[in-house]
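Commentary on secondary and tertiary structure
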Amino acid sequence: MNSPTVSDDSLSPALAQLQLKQVSWVTSAKGAIPGTTILSDISFDVARGDRITLIGPAGAGKSSLLRLLNRLNDPTSGTIYLENQDIQTIPVLQLRRQIMLVCQEPKLLGMTVREALAYPLVLQQLEKSAIAQRIQTYRKRLHIPEDWLERTELQLSVGQRQLVAIARALICQPKIILLDEPTSALDVGTASHFLGVLADMANQDQITVLMVNHQLDMAQLFCNRILYLQTGQLMQDTSATNLDWNLLRESLVQAEAQAAQEWGVEEF
Ligand SMILES: Nc1ncnc2c1ncn2[C@@H]1O[C@H](COP(=O)(O)OP(=O)(O)OP(=O)(O)O)[C@@H](O)[C@H]1O
């Protein structure tokens, strides 16, 4: 785990749907405060249908990486390609229909669940009957109870809101979905059930998923590939079947302890 950027030979670049080439992200300098390097020289390829978990200690840059893929930020250097096209040359709304990000604390903007699920489809000018049908199809596929449809976000727990937000992204049938700790507010049983359902669905529909998840047990249930980030660097890129999960668990615990210690020294 100490050597940087280990790439697994079983991951074929020929099938790349998404490619990151030497991507770095440095925050912009403000007055006397210089920019900080958050992500450093990251390169990897993603094949269609990959289910990837991004793992790493707090502050490793996992969320920042997802934000670059959805163009909430742009790399300071390096290039990201979607199907061989530099994503900065794709109109941003068009890109975000293909690569959807579900953030950690999604909002339903005061809508009922039904309205929130319908909204992106209304924007795509789908007919009412097609929208109603799509909502039912995805509700059933994701095992969302029918009675949630008339609830507002105030009547949902944080975890339930996360599930609805993921359903709202999937219903748009994106090529790639980016999930930032999607199960952080769910109990272990619900989280593992949901990730199983999501993995089956992603498999059937060949949707690529990149997910940040701190819970290795959840990652193990879900992904076919792990990217391990630490201090903004890609330390390991390997298929889940080749992975020594115990070693990864130990490395993560050590890295988390180190990060906590560094924060403690600096901030208190
Ligand atoms: N817009 C920003 N401006 C300045 N610093 C930022 C910005 N966004 C993130 N950072 C910093 O970048 C580092 C990486 O943050 P990021 O949220 O990507 O990490 P993470 O691996 O997702 O962490 P966690 O597991 O705690 O969510 C952190 O030190 C954070 O403070």
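Keep in mind that what you see is a predicted model, and the values were worked out from it rather than measured. (Residues numbered from 1 in each chain as written. Predicted model: local features only at pLDDT ≥ 70, side-chain atom pairs only at ≥ 80, totals over all residues.)

**Details of the site of the ligand**
The ligand sits among Thr 27, Ile 38, Gly 56, Ala 58, Gly 59, Ala 60, Gly 61, Lys 62, Ser 63 and Ser 64. At 3 residues, helix H1 (residues 62-69) tops the list of elements feeding residues into the shell around the ligand. Here the shell around the ligand is composed, by residue class, of 3 nonpolar, 6 polar and 1 charged. (Near = placed C-beta within 6 Å. Helix = DSSP H or I, 4+ residues; strand = E, 2+ residues; numbered from the N terminus. Nonpolar A, V, L, I, M, F, W, Y, C, P; charged D, E, K, R; others polar.)

**Description of the nonpolar core**
Counting residues in each nonpolar core, the largest one holds 64 residues, and the members touching the most others are Leu 54, Ile 177 and Leu 178. Among the elements that line this core, the one with the most residues is helix H5 (residues 158-170), at 6 residues. With near-sequence residues (within four places) excluded, Ile 177 lies in contact with Met 100, Val 102, Ala 169, Leu 170, Ile 207 and Val 209. (Core = buried A, V, L, I, M, F, W, Y, C linked by C-beta atoms within 7 Å. Buried ≥ 20, exposed ≤ 12 C-beta atoms within 10 Å, placed from the backbone. Contact = placed C-beta atoms within 7 Å.)

**Overview of the UniProt feature "domain: ABC transporter" (unreviewed entry) in the protein**
The feature "domain: ABC transporter" (unreviewed entry), as given by UniProt, occupies residues 18-256 in the numbering adopted here. End-to-end, the C-alpha atoms of residues 18-256 are 29 Å apart, and along that stretch the chain is 38% helix and 25% strand. (UniProt positions renumbered as here; feature names shortened; annotations may be inferred.)

**A look at the sheet that holds strand S5 (residues 77-82)**
Each strand in a sheet pairs with its neighbour through backbone hydrogen bonds, running either in the same direction (parallel) or in the opposite one (antiparallel). Taken in spatial order, the 4 strands of this open sheet run S3-S2-S5-S6, and their pairing is antiparallel. With partners counted over all chains shown, the strands left at the sheet margins are strand S3 (37-47) and strand S6 (85-86), one partner each. Relative to S5, strand S2 (residues 16-26) is paired through 5 bridges, and the arrangement is antiparallel. The residue of S5 that forms the bridge with Leu 18 is Leu 82. In the packing of H1 onto the sheet, contacts are made with S2, S3 and S5, and the angle to S3 comes to roughly 60°. (Pairing = 2+ DSSP bridges. Axes fitted to C-alpha atoms, helices over the stretch in contact; angles between N-to-C directions.)

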